[in-house]
Amino acid sequence: MPLFSLRPFSCPVMCTPTNGSHTLHASFIKRAADLADKSAGFTAPHPNFGCVIAVNSGTRVVGEGYLHAQGTKPAELQAVEAAGDYCKGATAYVNMEPGDCHGDSTAVSSFIKGGITRVVVGIRHPLQHLRGSAIRTLRREGLQVDVLGEDLQSKTIEEALKPCLLVNAPLLYRAACRVPYSVLKYAMTLDGKIAASSGHASWISSRQSRSQVLALRGRSDAIIVGGNTVRKDNPRLTARHGGGHMPLRLVMSQSLDLPEVANLWDVAEVPTIVATQRGARKSFQKLLASKGVEVVEFDILNPRDVTDYLYDRGYLSLFWECGGSLAASAISSSVIHKVYAFVAPKIIGGKNAPSPVGELGMVEMTQALELSDVCYEQIGPDMLISGFLQPVPDLTPSVPSMDETSAIDPSISPYDPSVIFFYKAWDPYGAFSNFSHHPIHVPDDNGDYITWSSVEHYYQAHKFMGMNDSEIGKYIEDIVHAKSPEEAARKGRKLQRQRPDLLRPDWENVKVDIMYKALKYKFSIYPHLNSILLSTSGSVLVEASPHDLFWGGGREGEGMNYLGRLLMQLRSEFLGEVPSSGNSTVQAERENKDLEELN
């Protein structure tokens, strides 16, 4: 469900001020947030970015853009390209400070090259290693930069700041609280029941409300339910909203008392994780594994440890659709940040009919938890009540960046000099990831160079190269034209699951060499990436994925860390410490004994 009403855009748009320049600034910043919200659920792990460019003292919009998905063209560049020559002397409005990193200054340089003279920023970037960097660069280049709440202050500006916080709430929670943003959703009758005494619950809410729920799911990285929901409802938990993003499904079950046949065990379209207590029903765990379901054991299964685990996996946003017992446990663990309650105009009664939230241990009304920023919206015959249990962190106060701190005290180092971890785009060394948006140019068998949008595009497509099938070309083209590395990975993995017969038979033997070849082209094409890699000399590189035990280091260092190994090998090759060789697998095996000691 959109956080804001999304207004259609046709260039140019005329906007008439009502009470001064702050009103204009506020309206354009809100518009930038509206645009940013269009890609919610698709951009992770990147923030949601929107950009509006206005001329004629801010009365005419000449360009707009938003980040469509991870690794796609920046919103700022889209807006500059749409505005063309109108950029000269214009003002750009962005809901968040541009997130240029890893030497890729596309967003910032597009403003400078386009002739923008002023930039109005909703909020500073929440990630510490990016915070303030783009603002400083723009100011050094002579552009006027105004940040809401700092350089511009008024009641109107304060109202415009709110949608900037909301549209990137998941990243703000992650940056400030080191937890994924968690939303609890439930539907209940007017008398507070989520099912009849018999357990029957279909359907409490209206068709319109259910459609809204599907949209909410599509904005999340993972959907969480309890074992009781699987046993009683046998849900599919798909977004079914027509887009490419399908959130992961996660089932929390302490005893693994779950049916052998369930819709969630079908992982052809979207993966499923089952979180359980260590040692529970090992035979059933093997059954789930045979179906492609990932099982994760915890010493003590509770919502806090599960959300910490998903935080480690890089997830930003979690959507809880569980029963009353698990909902109460999640609320008591302080992992729920927002609540969506769909109230249907129905009364079912029943002393034993379940309610949406179980026992919280409260005995007086003064102990009741109150929601803030409460919204009321009629959805068909139902009423949707939403609000925050924990307010969105406001990072407006300027905190010195690591660069600024190191300049004050050179003894402070932001990184461990012996081990450097990288995983997601928000990491300081996120450019090392095969998902970073750096197109590579690789020769084919005829010596003609082909451009691939990312290393991941190249890697996924080569899973099926050379296979004799009438449709293989179509499948590979589909991967090649994926809008982002994440989408290429989804397409490649899905095809591998659904059509294992199309996977090239030598894949396990060649996949490391294929990844190495793509990485070598990437770090050869981009001098700034090469410099970053060489700057890590003497450090062990670890791809910090907690669940990929082949390319990553694993949660407790049990992974093989092949991506880190290949990068270290590539670094040694660039430094002239080892000869270039086509057999990267052999070289990777003997690379850096420090890694084995680390594990």
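Position numbers for residues count from 1 along each chain, tracking the sequence in the order it is written. Local features in a predicted model are, by the rule used here, given only for residues with pLDDT of at least 70; side-chain atom pairs are given and counted only at 80 or more, and totals for whole chains, interfaces and linings are based on all residues. Side-chain metrics rest on all non-hydrogen atoms present in the structure, leaving aside hydrogens and water.

Considering the pairing of strand 14 (residues 372-379)
Along any regular strand the residues' side chains alternate between the sheet's two faces.
Link 1 in the chain: Pairing between strand 14 and strand 15 (residues 382-388): 6 bridges, direction antiparallel. Its bridge partner lying in strand 15, Ile 379 is registered against Asp 382.
Link 2 in the chain: Only strands that DSSP links by at least two bridges are regarded as paired with each other. Numbering of helices and strands runs from the N terminus, with a helix taken as a DSSP run of H or I at least four residues long and a strand as a DSSP run of E at least two residues long. A loop of 2 residues connects strand 14 with strand 15, the two strands running antiparallel in sequence, and Gly 380 in this loop sits at a positive phi of about 60°.

Quick word on the confidence of the model for the chain
Link 1 in the chain: Per-residue confidence for the chain averages 83 on the pLDDT scale, and 86% of its residues sit at or above 70.
Link 2 in the chain: Contacts from residues 397-402, a stretch scored under 50 in pLDDT, to residues over four places away or in other chains number 14 contacts.
Link 3 in the chain: Confidence scores here are pLDDT values: one per residue, from the predictor, ranging 0 to 100. Any two residues whose heavy atoms approach within 4.5 Å at even a single point are treated as in contact. A low-confidence stretch, residues 404-409 stays under pLDDT 50, and its non-local contacts, those more than four residues away or across chains, total 6 contacts.

Looking at helix 10 (residues 303-312)
Link 1 in the chain: Restricting attention to buried positions, one finds in helix 10 the residues Pro 303, Val 306, Thr 307, Tyr 309, Leu 310 and Tyr 311.
Link 2 in the chain: We call two N or O atoms a polar contact when they sit within 3.5 Å, provided that within protein one can donate a hydrogen and the other can accept it, with sequence-adjacent residues counted only if both atoms are side-chain atoms. Between a side-chain oxygen at the N-terminus of helix 10 and the backbone nitrogen of Arg 304 the separation is 3.2 Å; the capping residue is Asn 302.
Link 3 in the chain: Just past helix 10, the residue Gly 314 takes up positive phi, approximately 95°. Residue burial is assigned from relative accessible area. The probe radius is 1.4 Å, only protein chains are included, and a residue is buried under 20% of its type maximum, exposed over 50%, and partly exposed in between.

Considerations on the packing of helix 3 (residues 106-114) against helix 4 (residues 133-140)
Link 1 in the chain: To obtain each axis, a line is fitted to C-alpha atoms, and for helices this fit is confined to the stretch in contact; angles are then taken between N-to-C directions over 0 to 180 degrees. The interhelical angle for the contact between helix 3 and helix 4, taken along N-to-C directions, is 20°, at an axis separation of 10 Å. Taken together, the axes of helix 3 and helix 4 lie roughly parallel to each other. Of the two elements, helix 3 crosses helix 4, and the hand of that crossing is right-handed. Contact residues: Val 108, Phe 111 and Ile 112 in helix 3; Ala 134, Thr 137 and Leu 138 in helix 4.
Link 2 in the chain: A class-by-class count of the residues in the contact of helix 3 with helix 4 yields 5 nonpolar, 1 polar and no charged. Orientation is classified from the angle alone, with under 35 degrees giving roughly parallel, over 145 giving roughly antiparallel, 65 to 115 giving roughly perpendicular, and any other angle giving oblique. Two helices cross in a left-handed way if the nearer one is turned anticlockwise from the farther one by less than a right angle. They cross in a right-handed way if the turn is clockwise. Under the scheme applied here, ten amino acids are nonpolar (Ala, Val, Leu, Ile, Met, Phe, Trp, Tyr, Cys and Pro), four are charged (Asp, Glu, Lys and Arg), and all others, including Gly, are polar.

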